[in-house]
Structure formats: structure tokens, C-alpha cells
Amino acid sequence: MDLKLTGKKVIVLASSKGLGAGIAEAFAEEGADVVITGRSEESLRDRASLIEQKTGRSVLTAAVDLTHQKSIEDMIKKAAGELGGVDILINNTGGPPAGSFKKLSEEDWDFAYSLTLRSYITAVRSVLPFMKGSGGRILNVTSSSIKQPVEDLILSNTFRMGVLGLTKSLSKELAEDNILINTVGPGRIETERVQQIDAKKAEKSGKTPEEVKAESEASIPLARYGQPGEFASLVVFLASPKNTYTTGQHLVIDGGMTNAY
Ligand SMILES: NC(=O)c1ccc[n+]([C@@H]2O[C@H](COP(=O)([O-])OP(=O)(O)OC[C@H]3O[C@@H](n4cnc5c(N)ncnc54)[C@H](OP(=O)(O)O)[C@@H]3O)[C@@H](O)[C@H]2O)c1
């Protein structure tokens, strides 16, 4: 299937590692021009050269902290200038802190809002002037908490639902410009973040990280963690020009883990 991505201009937020990096690589493989972002310039340089080696496409980098509104606006303007426009925006971000309501402070709530919801709003607002007339695509990465709350992650459970509301409302507003927007939630995709979470659980419970991982995998019908490339395949399709009629939707990529319709 030709996804019609050759020469398309793509910004992938939070893509020096993990899911974002997998998505950026998959777009480069399809012949797109990609900008990757993250806070650490060193991680960005390392990731860009890895993707370049694997795909033979050059990759642009832009350091940005997604909790800073103005930095997002400036980064998107600059990236659009360097790319010569923007066809596709992938909203992705770092994970919000874990914890229950009683343990979290007002500052934690403000931080999680700015990281997981406001950053997406700012990125969409900043990118729209460059997408007008091009029939752009926007894809929001969230979590399986869009279908089923995750224990001890009240910040994710709250703000990811805000992304769903944003997606559905925007799908109606942006349809007149043929801009399609969807949301995708990962279940357990093997990234550094998931490895760190398992390591913490192991420390707390006195088990080995391997035991924690095996228990976690046993709760997934496909009996294993997904890989970033498997997650990226659907993201890239939904955000490609080949997707012409799916908008305002949300789905999880979780090996069957989520127990919800
Ligand atoms: N992996 C999963 O199975 C899973 C499951 C549910 C939800 N999620 C969600 O999916 C998202 C990505 O997860 P992941 O597993 O790919 O995480 P990851 O491996 O930790 O990668 C996170 C990426 O985000 C960047 N980042 C973090 N905070 C940032 C900030 N304030 N500003 C700009 N960039 C930032 C990191 O680069 P720098 O540190 O250099 O900034 C890195 O490139 C997270 O929101 C996570 O909660 C993942």
C-alpha cells in the first residue's frame, strides 16, 4: 500500500526516544521529511543519526520543553520554515507523574496539564496556519487510560480524557479544511519508560524486573509487550494521506490488554 508520504513534512513531538522515535523512524522509512523533538540535544543528535543510518533520510532536530508554551510556538514556526510547511503533526509527550489524588499537589496537577494537554492544544494552534489548504493530519498519542483508568495514574486518567474531547471537537471544526485528527493510546509498548516503571515495581516488591515483566505480559492476551515499530505502523497510516475518511476517533494499541469497548 502506498501511504503517499514521500516528501510529506512531519513534526513528531517527544521523539528522541520511545514511541515518538519509533514513529519518526517509520515516517522516514516511508520517505517523509521529519523533525524530531525533545529536551536533550544530545539524545536528539543520537536519534537523528540512528534514523539517518537506518533509512538514508536526513532528519531535522529541534530541542523544546513541551511544558513551555512559547517554546512550542517558536519551535513549530522554525520547523515549518526549515521544512517548507507542515503536512502532519504527531502530538506526543513525556509521561505525567504517577500517584494517587491524596499524594499529588496542586503543582503536580499544573505540571501534568501543561505536559499532557496544554502542549497538544498549543501545538495544534501553532501548526494550523501552516496546514491550511494542504489537507493536514494530526495524531495524538495518549495512553490506554482513554479506555480504562490505570491504577495510581490519576493525572493520566484525567488529562488524557481531555485530549479525547479536544480530538472530537477539532475533528468537526477542522473537517472543512480536510484536516483529519485522531487519538491513539498505547497499552504496554516496550520503551525506556516502561522498563523504568517495571524496574521501580521490582524494587518495591522485591521481585526481579524480569519477573515483573513476565507478570505484566501474562495480563495481555497476546502475551507480550508491543514494540515501538508495531505501535508506529497504525499511527503512520492514520496520519497519512492514505487515511481519507477516519477522523475524531480514538483507539488503543495494546495486544488486547484493555478490557473495555
Ligand atoms: N510506552 C508505553 O507503553 C506507554 C503506555 C501508556 C502511555 N504512554 C505514554 O506515551 C508517551 C510516550 O511514552 P514513551 O514510553 O515513549 O516514553 P519515553 O521512552 O520516556 O520517551 C519520552 C520522550 O519524550 C521526551 N520528553 C519527555 N518530557 C518532555 C518534555 N517536557 N518536553 C519535551 N519532550 C519531552 C523525551 O525526551 P527528553 O527526556 O530528552 O525530553 C523522550 O524523547 C508518554 O506520555 C507515556 O506516558 C506510553
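Looking at an unreviewed UniProt entry, one finds the protein chain named SDR family oxidoreductase, with Alkalicoccus halolimnae as its source organism. Of the protein chain, the UniProt comment under Sequence similarities (unreviewed entry) reads exactly: "Belongs to the short-chain dehydrogenases/reductases (SDR) family."

The local shell around the ligand holds 28 residues, among which S16, L19, R39, I189 and T191 are the closest. For the ligand, an oxygen atom lies 2.8 Å from a polar atom in the backbone of L19. Residue S40 places a main-chain N or O atom 3.1 Å away from an oxygen atom belonging to the ligand. Starting from 890 Å² of accessible surface for the ligand in isolation, the protein chains cover 91%. Counting only elements with at least two residues in the shell around the ligand, the list comes to α1 (18–29) and α6 (192–205).

Time to look at the packing of α1 against helix α8 (residues 228–238). Running from N to C, α1 and α8 point in directions that differ by 60 degrees, and their axes come no closer than 8 Å. The orientation of α1 relative to α8 falls into the category oblique. Pair α1 / α8 crosses with right-handed handedness. Contact residues: α1 offers G18, L19, G22, I23, A26 and F27, while α8 offers P228, F231, A232, V235 and V236. Of the residues that constitute the contact of α1 with α8, the class distribution is 9 nonpolar, 2 polar and no charged.

Our focus in this paragraph is the packing of α1 against helix α2 (residues 41–55). Relative orientation of the contacting elements α1 and α2 amounts to 35 degrees, with a least axis distance of 10 Å. Viewed along their axes, α1 and α2 form a crossing whose handedness is right-handed. On the side of α1, the interface is formed by A21, A24, E25, A28 and E29, while α2 contributes R47, I51, K54 and T55. Partitioned by chemical class, the residues of the contact of α1 with α2 number 4 nonpolar, 1 polar and 4 charged.

The next thing to look at is the domain arrangement of the protein chain. Per the domain assignment, the segments of the protein chain are domain 1 (9–189 + 227–252) and domain 2 (191–225). On a C-alpha basis, the centres of domain 1 and domain 2 stand 25 Å from each other. On the domain 2 side, the residues contacting the 10 residues of domain 1 number 11 residues. In this assembly, domain 1 packs against domain 2 so that about 850 Å² is buried in total across both faces, 46% of it on carbon and sulfur atoms. Applying the counting rule to domain 1 against domain 2 returns 3 salt bridges.

Reading the values: rules and limits
- Residues numbered from 1 in each chain as written.
- Predicted model: local features only at pLDDT ≥ 70, side-chain atom pairs only at ≥ 80, totals over all residues.
- Heavy atoms only, no water.
- UniProt positions renumbered as here; feature names shortened; annotations may be inferred.
- Near = heavy atom within 4 Å.
- Polar contact = N/O pair within 3.5 Å; in protein donor to acceptor, adjacent residues only side chain to side chain.
- Areas by Shrake-Rupley, 256 points an atom, 1.4 Å probe, with all protein chains shown as cover.
- Helix = DSSP H or I, 4+ residues; strand = E, 2+ residues; numbered from the N terminus.
- Axes fitted to C-alpha atoms, helices over the stretch in contact; angles between N-to-C directions.
- Parallel < 35°, antiparallel > 145°, perpendicular 65-115°, else oblique.
- Left-handed = near helix turned anticlockwise from the far one by under 90°.
- Contact = heavy atoms within 4.5 Å.
- Nonpolar A, V, L, I, M, F, W, Y, C, P; charged D, E, K, R; others polar.
- Domains from an automatic or database assignment.
- Buried area = accessible area lost by both parts, 1.4 Å probe.
- Salt bridge = Lys/Arg side-chain N within 4 Å of Asp/Glu carboxyl O.

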